[in-house]
Every structure is written in structure tokens, then in C-alpha cells.
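A structural walkthrough
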Amino acid sequence: MVEAVLIDVFSLTANLQSNIQGLLHNTLEAIEKCSSIHAPFVYVMCCQRQGSERKGEQESLLPALRGFWSLKRRLEVVCAQTTAAALYTVKQRLDEKDLSIIKVILPTLRKDLMKVYIDHLFTAVYQFEFEDLEVAPDSESLQISEHQHEGQMLPSQDIALIQSEIQMYLESLPSLKGELTILRSSLIPDDIFLHGFTTRTGGISYIPTLSSCNLFSSSKRRDPQVVVKENLRRLANAAGFIPEAFHRVKVDHANAVCIMGKTEPDNYDGIVTDQKGVTLAAPGADCIPVLFADPVRRACGAAHSGWKGTLLGVSMATVNAMVSEYGCNMKDILVVLGPSVGPCCYRLPHESAKEFHRIDPKCVRLFDSANPYIDIRRATRILLERGGILPENIQDDSITDQNQNITFCTACHPDKFYSHFRDGTNFGTQIGFISIKD
């Protein structure tokens, strides 16, 4: 059932806005009768002309909305200078209330255009249905090209303009939760490699569990790809890499490795390269983002290591790819484990814990319980050392000087890191990234 109604009068001038009172009133009454929610939230989206104040714009709409307003006290007029700004503001209101089913009432000629905005600013979490807002023909009052017709694809140049408008608006937004912060390891030589692990600050993602520098978008979360792309752009500016040469693993919670320059697998949790200027990245929101660097052969890699990937040996699979593809010597490879859930917080069912106990009993605490505590970092280190990586070439939370520690527990630090374990399904994601300097 409809949870919110968005009425788009953005393209209508004041004289047309005054003629839609009856239609809006009747539409809302019909929605209320068939809705399980007593009063859906209602947002009227209009254009704020340059030089005008928001209050003035609202007052110009009041004659058209007064009867509507008295019937519904959940109505808000959203005025902005661009459709992207207005719709993004509406999205924030929807997300504040966790609303996902939206009826959009708009002029017929705006429908195809609005769908493009929605495709970019929303994910599959939301459901939209559309209803025509019939207005008297007035070619001067509609800010829509004559060639746009319902059911037809918008010309590519119009889509490009919409994308540009959205990007410009997102770039104008202030960073949230402080400055963008990057953690770096003293083990990886910074004269050869550019690398780091992100925290959750300095981006524009506003949903509490995603705020603010979320770096992953999926159909199941509320952060769209365009917001993640803007967060990545800000990270690239701060870190010094090129976002167009950024390659992230395609997580499968297994041990496949992608070799840059060769055929890309459908899914992989490790990635390696010896190309300069190419940035590799692995996500983590409890799972370990692992970075690999060989300063002798000048090769690097990144891996995503959750509990399944750890047991399947994804870290050694990444190391072995560097050895076989680039002639790396096992003793030259440096490995850094990034922020991830620690043994203080992470628990697995007893059957899964048995696998870690087989690697080393010290990887499991309270082994006889139904859900023992698991140390996936220790298991990763043990498997790396068994594979030939020197103990002193692995950096994790076991280092003596804790001032050098960057392998923080993500679940223990809600102010610094995202955590699936802590935050639930709508969680944010940080990354580890590395590249070879030119």
C-alpha cells in the first residue's frame, strides 16, 4: 500500500498550480481509502525561482493546497532550483521515515524525465507507481521539450544533462561527520605505493547506518550508486588516485582472484596488478580488507576476506597470483589487514567455529558454546605464514606498538567504522585500496 505521495508541480507556473486543487484533493482521498496507512505522507515538489525565498514559493501554492492541507497534516512543500535538488530532499524525508512505496503524481510529459531521475537517485528498495496530473494545455507553462512523449526513451543528450545536474548537486553538498580520514600502514613503502583504509567520515551519505562515506551500493540498500560515486570522487581527491582507474573486487565470499589485464571472472574476492596508476580495492564492513605489496617486483593486490573467504584461503590465493603472474618472491610480499570485526565481538555457530579450531585452537574462544567467538585475523595470519609469508611482513592487531595499529574492530568503533554485525542489513562499507605510483 502507498506510504507516501509525491506531487510534482516543478514544471508548472503559478497560474497552472492554482488550477489543480480539486484533482489533488480527490486523488488523496482515493489513495487514503485504499491505503492501509491512515494518512500517507505527502510531498509537493515545486521550483524555487532564482532570487525567490522558499516561504514565498510556499505561499504561492497555498491556495491550491489549502483544502488538501486541512485534510492531511502530513504535507510538506519542497522547493528547490533543480529537480535533482528537490527530489533528493524528498528522498531524505522518505528515508527519515523509512518509507518505500511511493505514488508519483505528475504531468504526463514529465513522466519519462522523472523516471530517469528516480533511476539514478533511488535503488530497488523503493517502489514507485505513477499517476497523471492532468493540466490545461499551455505550451509556455511547461518546461519540457516538445519531443518528449510518454513511453518513449529520452534522447541520450537529455539523460546526460540529467546525470550532470545530479552530479553537480551532489558535489555541492557538504561532507558529513567530519573530514575524510584515511588510515595508512607504516609497513607499505609510500614512495612506491599509494594505499589506505577508509573510515566512515567525510562523505555525503546521510542515512544513519550508511553515514557518511559509504563506498558500496546495492539494490538492497538505500544509498544509490550516484552517492557512492560522489563519495569515491572525494576519496580519490583526498588520496590522490584516479577514480576512472579504480577496480573493486566483485565479492563472492570465496577465493577466486582477478588478474588485471586478463579476462575478468564473474565474481572474485582477490585482485592483483603490476600496472602503475591502477587502484585496486577490497570492501569491508566486518570482513577484512587485505592489502598486498611487493616493493621489489612492484606488484600489488587487494582481497576481501570474510569468514568463508578466510577458510577458503583467499589471502594466499592472492599471494600465489602475485607469485605466478609477476614473479614475486614470497619473502618480499607485505600484507596488511585492515579494520575488521575482532575476536572481541565476532561469533559464529559451533559448526563453523570447528573449521577455525582446526586451523588453530587459539582462533576460537568459548569453543564449547553454541556460538563461539572467532578470530578471523589470527586465522588469516596463520594461513599466510604457513604459505610462506614472513611473520614480520604481516601487519595486524598483534603488533607490539599499538600506536601503529590500523586493524581496529569495526563493531567496537561505531564513530569510525561501518559494521554489518552491529548495524544490520542496511549497513555501510569501507574499503582498503592500493596502487603503484607512477
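These lines cover the structure that appears in this document, whether it is placed above or below. None of the values given here were measured: they were computed from a predicted structure. (Residues numbered from 1 in each chain as written. Predicted model: local features only at pLDDT ≥ 70, side-chain atom pairs only at ≥ 80, totals over all residues. Heavy atoms only, no water.)

1. A word on the sheet that holds strand E17 (residues 394-395)
- As summarised here, the arrangement of the six strands in space is E9-E10-E13-E12-E14-E17, forming an open sheet in which the pairing is mixed. A strand with exactly one partner marks an edge of an open sheet, and here the two such strands are strand E9 (257-259) and E17.
- As defined by bridge partners, strand E12 (residues 288-294) adjoins strand E14 (residues 334-337) across four bridges and the pair is classed as antiparallel. Bridging across to E14, Phe 292 finds its partner in Val 335. (Pairing = 2+ DSSP bridges. Helix = DSSP H or I, 4+ residues; strand = E, 2+ residues; numbered from the N terminus.)

2. Describing the pattern of salt bridges
- Throughout the structure, instances matching the rule amount to 20 salt bridges.
- A salt bridge links Lys 262 to Glu 325; its shortest N-O distance comes to 3.0 Å. In this pair, Lys 262 is assigned in the loop between E9 and strand E10 (270-273) and Glu 325 in helix H9 (residues 314-326), connecting sequence segments 63 residues apart.
- With relative accessibility at 32%, the residue Glu 325 sits in the partly exposed group.
- Across the salt bridge formed by Lys 354 and Glu 351, the nearest N and O atoms sit 3.0 Å from each other. (Salt bridge = Lys/Arg side-chain N within 4 Å of Asp/Glu carboxyl O. Buried < 20%, exposed > 50% of the residue type's maximum accessible area, 1.4 Å probe, protein only.)

3. Description of the packing of aromatic side chains
- One pass over the structure, following the stated rule, counts nine aromatic pairs.
- Aromatic pair Tyr 88 and Tyr 206: ring centres 5.7 Å apart, planes at 90 degrees, arrangement edge-to-face. Of the two residues, Tyr 88 sits in helix H4 (residues 83-96) while Tyr 206 sits in the loop between strand E7 (193-198) and helix H7 (225-239), which places them 118 residues apart along the sequence. An identical accessibility class is assigned to Tyr 88 and Tyr 206; each is buried.
- Taken together, Tyr 88, Tyr 169 and Tyr 206 form an aromatic cluster joined through their ring pairs.
- Lying over the aromatic face of Phe 122, Lys 91 brings its terminal NZ or CZ to 6.0 Å of the ring centre.
- Cation over ring: Arg 365 sits above Tyr 373, and NZ or CZ is 4.2 Å from the ring centre. (Phe/Tyr/Trp six-rings, centres within 6.5 Å; stacked < 30°, edge-to-face > 60°. Lys NZ or Arg CZ within 6 Å of the ring centre and 35° of its normal.)

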